[in-house]
Amino acid sequence: MNRKWSNGAFLIICRLAAAISILTLVFLLSVIVFNGIRAINPEFLLTRSRNFGAEGGIFYQIIGSILLVFCTALIGFPLALGTAIFKSEYLKNRYLLKLSSILIYGLNGIPSIIFGIFGLVFFVHYLNTGISWFVGSIILAIMILPTIVLASYQSINSIPKIYRESAQALGLSKWHVVLQVIIPQGIGGAITGLLIGLARAIGETAPIMFIATAFSGVEVPSSLSGPVTALPTHILILSQQATNPLALQNAWGSSLILITIVFIFSISALFSRVRLRLVSQR
Amino acid sequence: MIKIVNKFTCPEQELEEPENILVEIKNFNVWFNDFHVLKDICVRFREKSINCIIGPSGSGKSTLIRSVNRINDDIDGFIHHGDVHFNGYTRGRSIYHKDIDVNNLRTKVGMVFQKPCVFPKSIYENTLLGVKYLKKHSKQEKLQIVEENLNAVSLWKEVSSRLHEKATTLSIGQQQRLCIARTLAVKPTVILLDEPTSSLDPVSTYAIEKLMLQLKEQYTIIFITHNIVQAKRIADYLVFMCEGQVIEEGTKEKLFSNPDKQQTKDYLSNEYCEC
Ligand SMILES: Nc1ncnc2c1ncn2[C@@H]1O[C@H](COP(=O)(O)OP(=O)(O)OP(=O)(O)O)[C@@H](O)[C@H]1O
Ligand SMILES: [Mg+2]
């Protein structure tokens, strides 16, 4: 009787918790969609912003954000994959393994504003790069490195030992085993990690606002230096003009676009994961 | 960490044909951390014949043959002591000598595992996996290598029309034959097989046994089996292991009809062993 009662209570609590989280999410999303959809039209998507964003569109903000995360991926992915391969295949010392895990988790726990300050002090001032979108990509890449490393490491480390041994037994050197076995079978997990990381990176304001972005009047940069405009920092500046209803509406519209892009990354991560699981089950 | 147990040396056995020996293991000991798995192993494997290793589970059969291609090297806590000679290849040195190129050694000593392990690549790529790093081949040559080796394991007829399909779509028995084919493609001298038929159905098992009888014309085969009847069918020489020691070795005829040791007799007649 007693056990039955506590089981029932537990079930109710779980359901309640699930309902609250889902309702919050649905509420948030519907507010953004409801307010944002009014701002969205072809002109909004395809023209440049005017009057500090209160008028015009967000074309260069979208381009800027995509450029930022594209380079973030180019920098972060090889670094992370290499780190994961090294940790899984070459690092044998138990203490160093432990230490590397601590470092990776530690890096993951650093608040994003710290990355922004680091970029400002180290790159912009010390290395004298000036405000540069490329520095922004580097900082974002460092920020999402742990996410990609952890996902890649997990998928590489779960490749059964028999695959490594079978390849080695054919005379393949360690490096060839990595090329032929480890990378092809681990890349799916690494890509999942990359997409999750990018979904986070594209929405970040703090790491890039001091070092990589300008608030308006910028088009596509022609070199590695120079600022871009990006969606999250654009939303920030628009919400500071909240007394202007036009600016507010554009802020909602930009939020909707940003969330859509994040959503696309997350869904692709999910799909790459499902596909990965199907492949490994065969 | 290394504990040299005693100054044991292998007894000099009188041999009818000493030139017949290809792999010679002398005073070989293995520990996994401080667990003594192989104890003063002295054993010889004969050229161009099927050398079967039998013995109860946990007796160290796998550990022994995995020491012959040094695939144990990467295992955590693996410690070895003693020599493994590979006549005609290592010129009097042990394969554990520091100048031996392990990857090259493994192209001479191929290995097939208990559970077939094909890579999630095409059948064609699986067959060529070990070959493509040895030498540059033209497309024509590659196809020829694939055909030749798949033919050697009687797989060519079954798969020639679907070479570019994933190898994982093959049946388990076919996968194991593909594993043998890709080992043959590297042109080894010795082939180690660790219970290659224990996860297969009787028909596939029969196919592999038949294949072994053909392959021994060209290769030296070291074959672990749990199945005494199988050993009786295919072995030329038998090695009986128990608790990390070689109890007895000799021709199949001798061990089955007139073994020196009582334990051998017990194991071969009713798979019972008390060592
Ligand atoms: N990687 C390892 N680490 C620690 N101990 C091991 C390892 N591999 C094998 N052993 C131990 O070594 C002993 C011999 O194992 P091995 O696999 O060689 O036996 P086997 O004769 O092949 O048995 P089976 O017939 O069940 O395959 C066993 O007691 C096993 O527990
Ligand atoms: Mg075994």
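Worth saying up front: this structure is predicted, and the values here are computed from it rather than measured. (Residues numbered from 1 in each chain as written. Chains lettered and ligands numbered in written order. Predicted model: local features only at pLDDT ≥ 70, side-chain atom pairs only at ≥ 80, totals over all residues. Heavy atoms only, no water.)

Next up on the list: the site of ligand 1. All names here are of chain B. Neighbouring ligand 1 are 14 residues, the closest being S57, G58, K61, S62 and T63. Interatomic distance of 2.5 Å between a side-chain N/O atom of S57 and an oxygen atom of ligand 1. Take H226: an N or O atom from its side chain is 3.1 Å from an oxygen atom of ligand 1. Taking 630 Å² as the accessible area of ligand 1 by itself, protein coverage stands at 65%. Listing elements by their share of the shell around ligand 1, those giving two or more residues are strand 2 (35-46) and helix 1 (61-68). The leading source of residues in the shell around ligand 1 is helix 1, at three residues. Considering only residue class, the shell around ligand 1 consists of five nonpolar, seven polar and two charged. (Near = heavy atom within 4 Å. Polar contact = N/O pair within 3.5 Å; in protein donor to acceptor, adjacent residues only side chain to side chain. Areas by Shrake-Rupley, 256 points an atom, 1.4 Å probe, with all protein chains shown as cover. Helix = DSSP H or I, 4+ residues; strand = E, 2+ residues; numbered from the N terminus. Nonpolar A, V, L, I, M, F, W, Y, C, P; charged D, E, K, R; others polar.)

Turning our eyes to something else, we now look at the pattern of salt bridges. Proximity of charged atoms lets side chains of opposite charge pair with each other. This model, assessed by the stated rule, comprises 15 salt bridges over all chains. Of the charged contacts in the structure, one is a salt bridge between A:R48 and A:E219, with a shortest N-O distance of 2.4 Å. Pair noted here: A:R48 is in the loop between helix 2 (42-46) and strand 1 (49-50) and A:E219 is in the loop between helix 9 (206-209) and helix 10 (231-240), with a separation of 171 residues, a long-range link. Overall, A:R48 belongs to the partly exposed group, its relative accessible area being 35%. Its salt-bridge partner being B:K254, residue B:D260 comes within 3.0 Å of it at the nearest N-O pair. Given the relative accessible area of 32%, B:K254 is considered partly exposed. Salt bridges linked by common partners bring B:R93, B:K98 and B:D99 together as one network. (Salt bridge = Lys/Arg side-chain N within 4 Å of Asp/Glu carboxyl O. Buried < 20%, exposed > 50% of the residue type's maximum accessible area, 1.4 Å probe, protein only.)

Attention now moves to the environment of B:S59. Residue and element names in this part refer to chain B. Summarising the element assignment, S59 is placed in the loop between strand 3 (50-54) and helix 1. Using a relative accessible area of 1% as the deciding quantity, one classes S59 as buried. Remark: the alpha-carbon pair of S59 and F240, spanning 181 residues in sequence, is separated by 9.6 Å. Excluding anything up to four places from it in sequence, S59 contacts M241, C242, E243 and G244. From its side chain, S59 meets the backbone oxygen of P56 in a polar contact 2.7 Å long. (Contact = heavy atoms within 4.5 Å.)

Residue and element names in this part refer to chain A. Annotation of chain A at the domain level lists domain 1 (1-39) and domain 2 (42-281). Distance from the C-alpha centre of domain 1 to the C-alpha centre of domain 2: 30 Å. Taken together, the contact between domain 1 and domain 2 spans nine residues of the former and eight residues of the latter. Between domain 1 and domain 2, a total of about 710 Å² is buried, with carbon and sulfur atoms accounting for 81% of that surface. Of all residues in domain 1, the largest losses of buried area upon contact with domain 2 belong to I32, N35 and A39, amounting jointly to 63% of the total for that side. Where domain 1 packs against domain 2, one counts zero salt bridges. Applying the counting rule to domain 1 against domain 2 returns one residue pair in polar contact (both at pLDDT 80 or more). Looking at the side of domain 1 that touches domain 2 residue by residue, the classes come out as six nonpolar, two polar and one charged. (Domains from an automatic or database assignment. Buried area = accessible area lost by both parts, 1.4 Å probe.)

Turning to the environment of B:S257, a few remarks are in order. Residues and elements named next belong to chain B. Residue position: S257 is located in helix 9 (residues 252-257). Taking relative accessible area as the criterion, S257 reaches 60% and is therefore assigned exposed. The spacing of S257 and L268 is eleven residues in sequence and 9.8 Å in space, taken between C-alpha atoms. A distance of 2.6 Å separates a polar atom in the side chain of S257 from the backbone oxygen of E253.

Residue and element names in this part refer to chain A. Inspection of every chain in the model, using the stated rule, returns twelve aromatic pairs over all chains. On the basis of an interplanar angle of 90° and a centroid distance of 6.4 Å, the ring pair of F118 and F123 is categorised as edge-to-face. The class of F118 is partly exposed, set by a relative accessible area of 39%. Centroid distance F122 to F123: 5.1 Å. Interplanar angle 85°. Geometry classified as edge-to-face. Owing to a relative accessible area of 13%, F123 belongs among the buried residues under this scheme. An aromatic cluster of at least three residues, connected via ring pairs, comprises F118, F122, F123 and Y126. Positioned over the ring face of Y153 is K87, at 4.6 Å from the centre of the ring. (Phe/Tyr/Trp six-rings, centres within 6.5 Å; stacked < 30°, edge-to-face > 60°. Lys NZ or Arg CZ within 6 Å of the ring centre and 35° of its normal.)

Taking 1.5 Å of rise per residue, the 32 residues of helix 3 (residues 59-90) of chain A would be expected to cover 46 Å, and the 46 Å separating its terminal C-alpha atoms lies within 8% of that figure. Largest kink in helix 3 of chain A: about 25°, centred on A:G76, with the proline A:P78 one to four residues after it. (Expected span 1.5 Å × (residues − 1). Bend = angle between axes of the 7 residues up to and from the residue.)

Opposite the 27 residues of chain B that make contact, chain A presents 19 residues. Between chain B and chain A, a total of about 2000 Å² is buried, with carbon and sulfur atoms accounting for 59% of that surface. Here chain B is connected to chain A by one salt bridge. Salt-bridge contacts for A:E165 lead to B:R66; the nearest nitrogen and oxygen are separated by 2.7 Å. The interface formed by chain B and chain A contains four residue pairs in polar contact (both at pLDDT 80 or more).

With that out of the way, let us pick up the packing of helix 5 (residues 112-126) of chain A against helix 6 (residues 133-157) of chain A. Residue and element names in this part refer to chain A. Following both chains from N to C, one finds helix 5 and helix 6 inclined at 140°, their axes separated by 10 Å at the closest point. On the basis of the axis angle, helix 5 is oblique to helix 6. With respect to the hand of their crossing, helix 5 and helix 6 are arranged in right-handed fashion. Facing helix 5, whose interface residues are S112, F115, F118, G119 and F123, helix 6 presents V135, I138, I139, I142 and M143. (Axes fitted to C-alpha atoms, helices over the stretch in contact; angles between N-to-C directions. Parallel < 35°, antiparallel > 145°, perpendicular 65-115°, else oblique. Left-handed = near helix turned anticlockwise from the far one by under 90°.)

Right, let's talk about the sheet that holds strand 5 (residues 109-112) of chain B for a bit. Residue and element names in this part refer to chain B. Across the sheet, which stays open at both edges, the six strands sit in the order 5-6-7-3-8-9 with mixed pairing between neighbours. Edge positions in the sheet fall to strand 5 and strand 9 (245-251), since each of these pairs with one other strand and no more. Going from strand to strand, the sheet's axes swing by 15° on average, the running direction of each strand aside. Inspection of the sheet shows strand 6 (residues 190-194) paired to strand 7 (residues 220-224) by five bridges, in the parallel sense. When the sheet's bridge partners are listed, V190 is paired in strand 7 with T220. Taken strand by strand, helix 7 (residues 202-215) contacts strand 3, strand 6 and strand 7, and its axis lies near 150° from that of strand 7. (Pairing = 2+ DSSP bridges.)

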